[in-house]
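# Breakdown of the fold
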Amino acid sequence: MRNRIGAFLLNWKEFDSPEALAQAQADQVAEWLAGAIAEKDVASLAVSGGKTPARFFEVLSTRLLDWSKVTVTLVDERFVPPSSDRSNEKLTREHLLRNEAANAHFVPLYSEVDTPEAAAEKAEYRLVEVPFPLDVAILGMGTNGHTASFFPDAESLSGLLDPKSPQTIMAVHAASAEEPRLTLTLPRIVEARHLLLHIEGDGKRDVFEQAMAAGTPELPIRFVMDAANSEPFVYWAPNKG
Ligand SMILES: O=C(O)[C@H](O)[C@@H](O)[C@H](O)[C@H](O)COP(=O)(O)O
């Protein structure tokens, strides 16, 4: 269903429950990945972390496709070791890279170095293993309108949102983020062949609609949606309970 929010047309799909959303989103992403494999013999997927994606990851992990040809990476990462409960790598390994998807090739962003800047430098080289442009990028959104680690109060927000950034990954320092971050830059995200924003709850829906309806782009999610090469998909469900 295409939905007009402000002057913006996008593929808005809403579901009765997070469970129904997870099934439909896993079907859609599996279809996109299988299509890429059929076309190029490889596929690439970047996923976001946080609390929302676990259910979707678990359903996607069961989908039958040639996962050995899929490279999975992260849209962003907290600057914490993979043993930390805050780690998106930990979340992805525990909920997505299992079952059928255990055969995927995973490219994490974190390195055990002193600074997020040093970790970003190492990840810049490691990400050569990811066949960019991404076939699928899954975004989440915070209630402050951040997506990836593009926090509204990030010190280097203009660099993160630079559509011509030569970098693939950058370190992020933002007071509103619990820890320093590592994030793919805007061009690497918006060039994805399929971009899907996964949000749940009325609060995030309100923030998203306000961001998209604003006459002047303000929140990071709006800059990403505006810059998307492909028409973005938005999957929404009410919070359970
Ligand atoms: O590392 C992260 O936190 C994510 O990549 C981030 O962009 C996330 O998608 C939003 O913060 C929403 O997080 P929740 O799903 O926890 O609300």
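Cut-offs applied
- Starting from 1, residues in each chain are numbered consecutively following that chain's sequence as written.
- In keeping with the predicted nature of the model, local features appear solely for residues at pLDDT of at least 70, side-chain atom pairs appear and are counted solely at 80 or more, and the whole-chain, interface and lining totals rest on all residues.
- Hydrogen atoms and water are omitted, and side-chain values are computed over all heavy atoms in the structure.
- Strands here mean DSSP runs of E at least two residues long; helices mean DSSP runs of H or I at least four residues long; both are numbered from the N terminus.
- Here a helix's expected span is defined as the number of its residues, less one, multiplied by 1.5 Å.
- Burial classification: accessible surface area is computed with a 1.4 Å probe over protein chains only, and a residue below 20% of its type maximum counts as buried, one above 50% as exposed, and the rest as partly exposed.
- The directions considered for the arc are those from the helix axis to the C-beta atoms.
- Geometry is summarised by axes, namely lines fitted to C-alpha atoms with helices restricted to the contacting stretch, and by angles between N-to-C directions that run from 0 to 180 degrees.
- Roughly parallel means an angle under 35 degrees; roughly antiparallel means over 145; roughly perpendicular covers 65 to 115; every other angle is labelled oblique.
- Left-handed describes a crossing whose near helix is turned anticlockwise from the far helix by less than a right angle; the clockwise case is right-handed.
- Contact criterion: two residues are considered in contact whenever any of their non-hydrogen atoms come within 4.5 Å of each other.
- Each residue receives one of three labels: charged for Asp, Glu, Lys and Arg, nonpolar for Ala, Val, Leu, Ile, Met, Phe, Trp, Tyr, Cys and Pro, and polar for the others, Gly being one of them.
- Here a Phe, Tyr or Trp ring, Trp counted by its six-membered ring, pairs with any other such ring whose centre lies within 6.5 Å, and the pair is stacked when the planes are under 30 degrees apart, edge-to-face when over 60, and tilted otherwise.
- Ring-over charges, as used throughout, are those where CZ of Arg or NZ of Lys falls within 6 Å of the ring centre and within 35 degrees of the ring normal.
- UniProt positions are given in the numbering used here, feature names are shortened, and annotations may be inferred rather than shown by experiment.
- Only when DSSP finds a minimum of two bridges between them are two strands counted as paired.
- In this text, buried Ala, Val, Leu, Ile, Met, Phe, Trp, Tyr and Cys residues form a nonpolar core when linked through side-chain atoms within 4.5 Å.
- Note on definitions: salt bridges are taken to be side-chain nitrogens of Lys or Arg within 4 Å of carboxyl oxygens of Asp or Glu.

### Some details on helix H7 (residues 202-213)
With 12 residues, H7 extends 16 Å between its outermost C-alpha atoms, agreeing within 8% with the 16 Å of an ideal straight helix rising 1.5 Å per residue. Looking only at H7, the buried set comprises Lys204, Arg205, Val207, Phe208, Ala211 and Met212. Within H7, the buried residues cover an arc of 165° as seen down the axis, which keeps them to one side. Among the exposed residues of H7, those pointing more than 90 degrees away from its buried face are Asp202 and Gln210.

### Things to note about the packing of H7 against helix H8 (residues 220-227)
Running from N to C, H7 and H8 cross one another at 60°; their axes reach a closest spacing of 9 Å. In terms of orientation, H7 lies oblique with respect to H8. The crossing of H7 and H8 is right-handed. Mapping the contact onto sequence places Phe208, Ala211, Met212 and Ala213 in H7 and Ile221, Arg222, Met225 and Asp226 in H8. Of the residues that constitute the contact of H7 with H8, the class distribution is six nonpolar, no polar and two charged.

### Quick notes on the packing of aromatic side chains
All told, the structure shown has six aromatic pairs when counted by the stated rule. The interplanar angle of 50° and the centroid separation of 5.5 Å between the aromatic rings of phenylalanine 79 and tyrosine 110 together place this pair among those described as tilted. Here phenylalanine 79, found in the loop between strand S5 (76-78) and helix H3 (88-95), pairs with tyrosine 110, found in the loop between strand S6 (105-107) and helix H4 (116-126); they are 31 residues apart in sequence, far enough to count as distant. Through a chain of ring-to-ring contacts, three or more aromatic side chains come together here, namely Trp12, Phe208 and Trp236. For arginine 205, the ring lying beneath its charged end belongs to tryptophan 236, and the centroid distance is 4.6 Å.

### Comments concerning the UniProt feature "domain: Glucosamine/galactosamine-6-phosphate isomerase" (unreviewed entry) in the protein
Under the UniProt annotation, the feature "domain: Glucosamine/galactosamine-6-phosphate isomerase" (unreviewed entry) is placed at residues 17-226. With 37% helix and 17% strand, residues 17-226 has end C-alpha atoms that lie 28 Å from one another.

### Here we look at the sheet that holds S5
Read across the sheet, three strands follow the order S5-S9-S8 without closing on themselves; strand pairing throughout is antiparallel. Across the chains shown, the open sheet's two edge strands, defined by having one partner strand only, are S5 and strand S8 (169-172). Taken pair by pair, the neighbouring strands of this sheet meet at an average axis angle of 15°, ignoring direction. One ladder, built from four bridges, connects S8 with strand S9 (residues 181-184); its direction is antiparallel. Its bridge partner lying in S9, valine 172 is registered against arginine 181. Together, S8 and S9 form the strand contacts of H4, whose direction differs from that of S8 by roughly 170°.

### Things to note about the nonpolar core
Counting 83 residues, the largest nonpolar core has Leu45 and Phe208 as its most contacted members. For this core, the element with the most residues is helix H1 (residues 18-40), which contributes nine residues.

### Considering the pattern of salt bridges
Enumeration according to the criterion identifies 18 salt bridges in this entry. Here aspartate 66 and lysine 69 are joined by a salt bridge, their closest N and O atoms 3.7 Å apart. Its relative accessible area of 33% is what places aspartate 66 among the partly exposed residues. For lysine 69, a relative accessible area of 29% gives the class partly exposed. Linking arginine 205 and glutamate 209 is a salt bridge whose minimum nitrogen-to-oxygen distance equals 3.3 Å. On the criterion of helical spacing, the pair formed by arginine 205 and glutamate 209 is a turn pair, its members being four residues apart in helix H7. A single salt-bridge network, built from bridges that share partners, covers Asp76, Arg86, Glu178, Glu179 and Arg181.

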